[in-house]
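What the coordinates show
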Amino acid sequence: MLDQLSYLASGFDTALSLYHIGLMAAGVLLGILVGVLPGLGAPNGVTLLLPLTFTMEPVAAIILLSSMYWGALFGGSTTSILFNIPGEPSSVATTFDGHPMARKGFAPEALATAFIAAGFGAMTGVVVVTLIANAIADFALKFGPPEFFAVYLLTFCSYLVSGGSPLKTLASLLIGLILATVGMDTVSGEMRLTYGSNTLVSGISFLAAVVGLFGIGELLVTIEEGLKFNGLRARMSWGVVWQAIKKMPKHGVTLIRSTIVGCWMGITPGGPTAASFMSYGLAKRFSKYRNNFGKGEPDGVVAPEAADHSAGVSALLPMLALGVPGSATAAVMMGGLMIWGLQPGPMLFIEQPDFVWGLISSMYVANIVAVVLVLATIPLFSSILRAPFAVIGPLIIVICLIGAYTISGKMSDVYIALVFGVVGYVFKKLDYPIAPLILAMVLGDKTEDAFRQSMLLADGSLGVFFENGLVGTIMTAALLLLVWGLVGRLFTGRSKQPIAEQ
C-alpha cells in the first residue's frame with residue numbers, strides 16, 4: 001500500500017505540471033466538442049487525435065487522449081439534455097428524463113445534476129482503479145497463454161449478455177475476428193486473406209476502420225434521418241450548481257448503486273453504454289417515484305450519468321493490467337499504447353510505473369478540470385449545434401478523412417475508412433452492435449496467439465484450459481456466459497412473446 005501511495009504521489013508531481021494541466025484543458029475542450037457533435041463520439045475523436053501524439057512522450061499523450069475521453073462523455077450529456085440528441089451511445093439513457101426536465105424549464109438544474117453525478121461516478125472510478133490496480137496486475141502475473149486465452153474468451157462472451165440480440169452480437173464478434181486475421185500470420189509468416197494485395201500485408205488499419213465505423217457511419221445515418229438541431233437554451237450559474245449539490249443526498253442510494261454498477265461493468269467489459277441502461281432500469285425498478293420516470297425524474301438523470309462515467313474510467317483498468325479493453329474507446333487507447341512501444345498487461349506496471357501512475361494521478365485532476373470547464377462552456381458548445389447541419393456534416397466528413405490519411409500517410413487508409421463507413425451505416429440500420437466488432441479486431445491477434453501457444457504447450461490437448469483452478473474457473477465462467485447468451489436468452493425471449501401478444 002505504501003508503494004502505491006509513493007507511486008501516486010510521484011504521479012501527481014507529473015500530472016500537476018503546467019504542461020500537463022494545459023493538455024488536460026485542451027483535451028477536455030476538444031472532447032466536449034467531439035461529444036456535442038453527433039457523428040463523432042469519443043472513440044472516433046480519440047482516433048483522430050492519436051496521430052498528433054506520435055511525437056509526444058507517452059505520459060503526455062495518454063493524458064491528452066484520456067482528457068478528451070472525459071470531455072466527450074460530458075459533451076454527450078449536454079446534447080442529450082438540451083437537444084434530446086445523445087452525442088455518445090452511452091448518453092442515450094440520459095435523454096429519457098434529462099430532456100423532459102429541460103422542457104419543463106429546469107435545463108440548468110438537469111445539467112448541474114448530471115455533471116455532479118458524473119463527477120462523483122468518475123472520481124469513484126479513479127479511486128477504485130487506484131486501490132486495485134496493483135492487485136490485479138500482480139494477479140495477472142500468474143497468467144500464461146491458457147489463462148490469457150480464457151480471459152479473452154470471457155471478454156467476448158460477456159458481450160453476449162450485455163444487451164441486444166445475442167446472435168447479432170456473435171455475428172459482430174466473428175466478423176471482427178475474421179478481419180483480425182488479415183495480413184501476415186505472426187506464427188507461420190504466411191499471408192492470409194490479402195488476395196495478392198500489398199496494401200493488406202500489414203493487416204487492416206484498425207484506426208482507419210474506427211474512423212469509418214464511428215465517424216462516417218454515424219454521419220450517414222444522421223444525414224438519412226435529416227437531423228435538425230432544435231434545442232433548448234440553458235444559462236448556468238454557480239448558484240444552480242450549489243443547489244444541485246445540496247439536493248444530491250436525496251439521490252444518494254441511486255448515486256451509489258449506479259456508481260457500483262458502472263465500476264463493475266467497466267472492469268468486466270460491459271462498457272459505459274450497458275452500464276447506463278442497466279443503472280437506469282434499476283433506478284426505475286426500485287424508485288418510489290417510478291411513474292415519474294420518462295417525465296423528468298432527477299433520479300433518471302443521476303443513474304445513467306454516474307454509471308456512464310464510473311464505467312468509462314474503470315474500463316481503463318483491464319486495458320492497463322490485462323491488455324483487455326473495457327470499452328471501444330479503451331480499445332483505441334490500447335492501440336495507441338502499442339504504437340508508442342508500450343505493451344499493455346501486468347508487466348507494464350513493473351516496467352513503466354511512471355507511465356501508469358502518471359495516468360492514474362492525471363485522472364483525478366482531469367475529471368475536476370472537466371467538470372469546471374463543461375459548466376463554464378455549456379452556452380458556447382450549445383450554440384455550435386445551432387449551426388446548420390449542412391455546414392457541420394461536411395466538416396465532420398473532412399475531419400474524418402484527414403484523420404484517416406494522417407495515420408500512415410496512405411490513401412489506402414482513406415479507402416478503408418470509407419468502406420468501413422458503409423459497414424458502420426449497415427450495422428446501424430440493421431441494429432448490429434459495433435463495439436464487439438472493434439473489440440474482436442483489437443484482441444483477435446492476441447486471442448489466436450494465446451490459443452496456438454496453449455496448443456503447442458499441451459501437444460494439441462484442450463485439457464490445458466482446465467488443468468488448474470485459475471484457468472478452469474475462467475473458462476467455465478466464459479462457457480456459462482456463452483450458453484446463457486445464446487441459449488438461455490433465446491428461450492427467455494420465446495417465453496415472453498405470448499405474454500406480449502396478449
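What counts, and at which threshold
Residues numbered from 1 in each chain as written. Predicted model: local features only at pLDDT ≥ 70, side-chain atom pairs only at ≥ 80, totals over all residues. Heavy atoms only, no water. Helix = DSSP H or I, 4+ residues; strand = E, 2+ residues; numbered from the N terminus. Expected span 1.5 Å × (residues − 1). Buried < 20%, exposed > 50% of the residue type's maximum accessible area, 1.4 Å probe, protein only. Salt bridge = Lys/Arg side-chain N within 4 Å of Asp/Glu carboxyl O. Axes fitted to C-alpha atoms, helices over the stretch in contact; angles between N-to-C directions. Parallel < 35°, antiparallel > 145°, perpendicular 65-115°, else oblique. Contact = heavy atoms within 4.5 Å. Nonpolar A, V, L, I, M, F, W, Y, C, P; charged D, E, K, R; others polar. pLDDT = per-residue confidence, 0-100. Left-handed = near helix turned anticlockwise from the far one by under 90°. Phe/Tyr/Trp six-rings, centres within 6.5 Å; stacked < 30°, edge-to-face > 60°. Lys NZ or Arg CZ within 6 Å of the ring centre and 35° of its normal. Core = buried A, V, L, I, M, F, W, Y, C linked by side-chain atoms within 4.5 Å.

The name given to the protein chain in an unreviewed UniProt entry is Tricarboxylate transporter, and the organism recorded there is Bordetella genomosp. 4.

Moving on, we get to helix α12 (residues 299-314). Between its first and last C-alpha atoms α12 spans 22 Å; for 16 residues at 1.5 Å apiece the expected length is 22 Å, and the two agree. Among the 16 residues in α12, 16 count as buried, and that is most of the element.

This next bit is on the pattern of salt bridges. Using the criterion set out here, one finds 2 salt bridges in the structure. The residue glutamate 448 makes a salt bridge to arginine 192 at a minimum N-O spacing of 2.7 Å. With glutamate 448 in helix α19 (residues 435-457) and arginine 192 in strand β2 (residues 191-192), this pair connects stretches of sequence that are 256 residues apart. Residue arginine 452 is joined to glutamate 448 by a salt bridge in which the shortest nitrogen-to-oxygen separation is 2.9 Å. Taken as a pair, arginine 452 and glutamate 448 lie in helix α19 at a separation of 4 residues, close to a single helical turn. The network of salt bridges with common partners includes Arg192, Glu448 and Arg452.

So, on to the packing of helix α14 (residues 328-339) against α19. At a closest axis distance of 9 Å, the pairing of α14 and α19 adopts a crossing angle of 40°. It follows that α14 is oblique to α19 by the angle criterion. Contacts between α14 and α19 involve Ala331, Met334 and Met338 on the former and, on the latter, Ile438, Val442, Leu443 and Lys446. Taken together, the residues that form the contact of α14 with α19 break down as 6 nonpolar, no polar and 1 charged.

Of note, tyrosine 289 is situated in the loop between α11 (271-286) and α12. With a relative accessible area of 45%, tyrosine 289 lands in the partly exposed category. Residues tyrosine 289 and aspartate 299, 10 residues apart in the sequence, show an inter-C-alpha distance of 9.0 Å.

Next up on the list: the confidence of the model for the protein chain. Scored by pLDDT, the protein chain comes out at a mean of 79, with 87% of its residues at no less than 70. Confidence over residues 495-502 falls short of pLDDT 50; this stretch has 0 contacts with residues more than four positions distant or in other chains.

Among the secondary structure elements, serine 258 is positioned in helix α10 (residues 252-267). Beyond its immediate chain neighbours, meaning those up to four positions away, serine 258 contacts Ser279, Ala303, Ala306, Ala307 and Ser310.

Here we take up the packing of helix α3 (residues 42-49) against α14. Between α3 and α14, the shortest axis-to-axis distance is 8 Å and the interhelical angle comes to 15°. The angle between α3 and α14 places the two elements in the roughly parallel class. Every pair of crossing elements has a handedness; the one defined by α3 and α14 is right-handed. Residues Ala42, Pro43, Val46 and Thr47 of α3 form the contact with α14, whose participating residues are Ala328, Thr329, Val332 and Met333.

Next up on the list: the packing of aromatic side chains. Aromatic ring pairs are described here by two measures, namely the spacing of the ring centres and the angle between the planes. Evaluation of the coordinates by the stated rule reveals 9 aromatic pairs. A centroid spacing of 5.7 Å and a plane angle of 55° characterise the contact between phenylalanine 427 and tyrosine 432, whose relative ring orientation is tilted. For arginine 285, the ring lying beneath its charged end belongs to phenylalanine 286, and the centroid distance is 5.4 Å.

Right, let's talk about the nonpolar core for a bit. Where a protein is soluble and globular, its nonpolar side chains tend to be buried together. Judged by nonpolar contacts, the single largest core of 118 residues is most densely connected at Trp70, Phe206 and Phe355. If we skip the residues at most four places from it in the chain, phenylalanine 355 touches Pro58, Val59, Ile62, Leu320, Leu337, Leu342 and Leu348. Counting residues in each nonpolar core, the second largest holds 9 residues, with Val211, Ile216, Leu219 and Ala417 among its members.

The next point concerns unusual backbone geometry. Unlike most non-glycine residues, leucine 193 shows phi in positive territory, near 55°. Position of leucine 193 relative to the elements: it lies in the loop between β2 and α8 (206-225). For leucine 193, a relative accessible area of 37% translates into the label partly exposed. Even without being a glycine, aspartate 431 presents a positive backbone phi close to 65°. Structurally, the position occupied by aspartate 431 is in the loop between α18 (411-429) and α19. Judged by its relative accessible area of 58%, aspartate 431 is exposed.

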